[in-house]
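# Descriptive structure summary
Here are the chains, one letter per residue:
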Amino acid sequence: MKCRVLKSFKNKGEIQKIRRIIEVPEDMIINMTGYIQSLEFCQARKVKPDRICGAPLREGINGFLSCSSPLCQVPVKDQFLT
Ligand SMILES: [Zn+2]
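A short tour of the structure in this document, coming up. Quick caveat, the model's predicted, so the values are computed rather than measured.

### Some words on the overall build of the protein chain
Counting secondary structure elements, the protein chain contains one helix and nine strands. Listing every helix and strand of the protein chain by position from the N terminus yields β-β-β-β-α-β-β-β-β-β. Taking all 82 residues of the protein chain together, the buried fraction comes to 33%. Within the protein chain, counting contacts between residues at least 6 apart in sequence, those at least 24 apart form 37% of the total.

### A look at the sheet that holds strand 1 (residues 2-5)
Across a sheet, strands are paired by hydrogen bonds formed along the backbone, either parallel or antiparallel in direction. A sheet is described by the order of its strands in space; here three strands give the open sequence 4-1-5, paired in antiparallel fashion. Edge positions in the sheet fall to strand 4 (21-23) and strand 5 (36-38), since each has one partner strand and no second. Adjacent strand axes in the sheet meet at a mean angle of 40° when their direction is disregarded. Looking at chain direction, strand 1 and strand 4 are connected through three bridges and run antiparallel. Counted as the bridge partner of C3 is I22 from strand 4.

### What about the packing of aromatic side chains?
Using the criterion set out here, one finds one aromatic pair in the structure. Measuring from centroid to centroid gives 5.9 Å for F9 and Y35, while their planes differ by 80°, and the two rings are edge-to-face. One end of the pair, F9, is in strand 2 (residues 9-11); the other, Y35, is in the loop between helix 1 (26-29) and strand 5, with 26 residues separating them in the sequence. In this structure, K7 packs its charged tip against the face of Y35, placed 4.8 Å from the ring centre.

### Comments concerning the pattern of salt bridges
Under the criterion given, the structure shown has two salt bridges. Across the pair K2 and E23 runs a salt bridge whose closest N-O atoms are separated by 3.6 Å. One end of the pair, K2, is in strand 1; the other, E23, is in strand 4, and 21 residues separate them in sequence. Where E14 meets R20, a salt bridge forms, and the shortest distance between an N and an O atom there is 3.4 Å. What makes E14 partly exposed here is its relative accessible area of 44%. Classification of R20 by relative accessible area gives partly exposed; the value is 33%.

Conventions and cut-offs
Residues numbered from 1 in each chain as written. Predicted model: local features only at pLDDT ≥ 70, side-chain atom pairs only at ≥ 80, totals over all residues. Heavy atoms only, no water. Helix = DSSP H or I, 4+ residues; strand = E, 2+ residues; numbered from the N terminus. Buried < 20%, exposed > 50% of the residue type's maximum accessible area, 1.4 Å probe, protein only. Contact = heavy atoms within 4.5 Å. Pairing = 2+ DSSP bridges. Axes fitted to C-alpha atoms, helices over the stretch in contact; angles between N-to-C directions. Phe/Tyr/Trp six-rings, centres within 6.5 Å; stacked < 30°, edge-to-face > 60°. Lys NZ or Arg CZ within 6 Å of the ring centre and 35° of its normal. Salt bridge = Lys/Arg side-chain N within 4 Å of Asp/Glu carboxyl O.

Listed below in structure tokens is the structure:
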């Protein structure tokens, strides 16, 4: 799954820089919350029920990727704080 790096990290000795688009196995994505953002599905965490949103993403007029849910219309950097 294609993801954008939000926070640089080291993977197998290689530094993944912010904004780089990388391929991440789907089962790894949940472990990397805060470091990467899926470019295909919304990673915003919903409180009720407690799960990742998972809706398809589009780039909005404000330049942020978000799904169609009003509850997810927050900057990417803030999606991981709750
Ligand atoms: Zn969403």
